[in-house]
Amino acid sequence: MAFRSRREALRSILSGSSCIRPGSVYDATSIRIAEEVGFELGMFGGSVASLAVLGDPDITLITLTELAEQMRRMSRAAALPVLVDADHGYGNALNVRRTVQELEAAGAAGLTIEDTLLPQAYGVTKTQLISLEEGVGKMKAALDGRGDPTLVIMGRTGAASVTSIEDAIARARAYQAVGVDALFFTGVKTPGELEAIAAATTLPIVLGGAPEEMSDPGILAGQRVRIALQGHAPFAAATQAVYETLKALREGQSPKALKGLASSDLTGRATREADVKARSAEFLGLKK
């Protein structure tokens, strides 16, 4: 299958003994740059997907179609394996099943399905979780929707910061029993909580953010953490750069005087200019 090598690369990371930090990617250019600088894995987060595609905050306005299409664009642009935050699967368990099918076809190396109640319920400001039973049903549906057995499916829970670490462990153990490939946790606050999770489960662990005291990859690896996210700084940096450039131009600065722009060499590498010129010469008879 066309994307199997990417999925096998992610599985290799999960079965290894080290903890890696993926690069945040959100479009064709960012994934190419992440690949060029040496990241082993790209992370396509739900929040950055909403920002990049819609320009809206992460309040579950983005649709499965939009998410999958953006993933498809990235798959075309680079071979870097990408882990996709598929949120709650865009509906109930049957919607989860279709979410898996669409993201598999779009080239994702893996995806996460979480047990957060989304979208936000009317009149409720606090984050809520679906029942453990519904969460198990979603994980079963995700696995049933998988056509390529190398596609990585992770069960994700935010219970550590919503209910309790005990609930997070209970949910993780239930998802593990169903057959997911890894366990994704958000809201883990202390080394003791992570140790409790590692002791109660056996699957590879992914952390979606953690305090500074839990940032050492070596220590995390010792607790079976194989992937530790590091936020979405690239999108924030790009936003700041665009703002400063447009503001300077609006205030009358000459384009030639702008600072911090990508060089023609970097732009050429990001757009695969040399490949395009070679194909133009071969297929269109144009001179290189």
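Refer to the preceding data block for the structure.
Residues numbered from 1 in each chain as written. Predicted model: local features only at pLDDT ≥ 70, side-chain atom pairs only at ≥ 80, totals over all residues. Heavy atoms only, no water.

### Quick notes on the pairing of strand β5 (residues 152–157)
Working note: regular strand, side chains alternate between the two faces of the sheet.
1) Next: Most of β5 is tucked away: 6 of the 6 residues are buried.
2) Next: Residues Val-152, Met-154 and Arg-156 point to one face of β5 and Ile-153, Gly-155 and Thr-157 to the other, with burial holding for every one of them.
3) Next: With 5 bridges connecting them, strand β4 (residues 110–114) and β5 associate as parallel partners. Across the sheet, the residue bridging to Glu-114 is Arg-156, located in β5.
4) Next: The parallel pair β4 and β5 is bridged by helix α6 (residues 132–145), and the resulting crossover is right-handed. (Buried < 20%, exposed > 50% of the residue type's maximum accessible area, 1.4 Å probe, protein only. Helix = DSSP H or I, 4+ residues; strand = E, 2+ residues; numbered from the N terminus. Pairing = 2+ DSSP bridges. Right-handed = clockwise from strand over helix to strand, strands pointing away.)

### Some points on the sheet that holds strand β6 (residues 182–185)
1) Next: Pairing within the open sheet is parallel, and its 8 strands lie in the order β1-β2-β3-β4-β5-β6-β7-β8. Sheet topology places β1 (23–24) and β8 (225–228) at the edges, where each strand pairs with a single neighbour.
2) Next: By the bridge criterion, 3 bridges tie strand β3 (residues 82–85) to β4 in an arrangement that is parallel. Along β4, the bridge assignment pairs Asp-85 with Thr-112.

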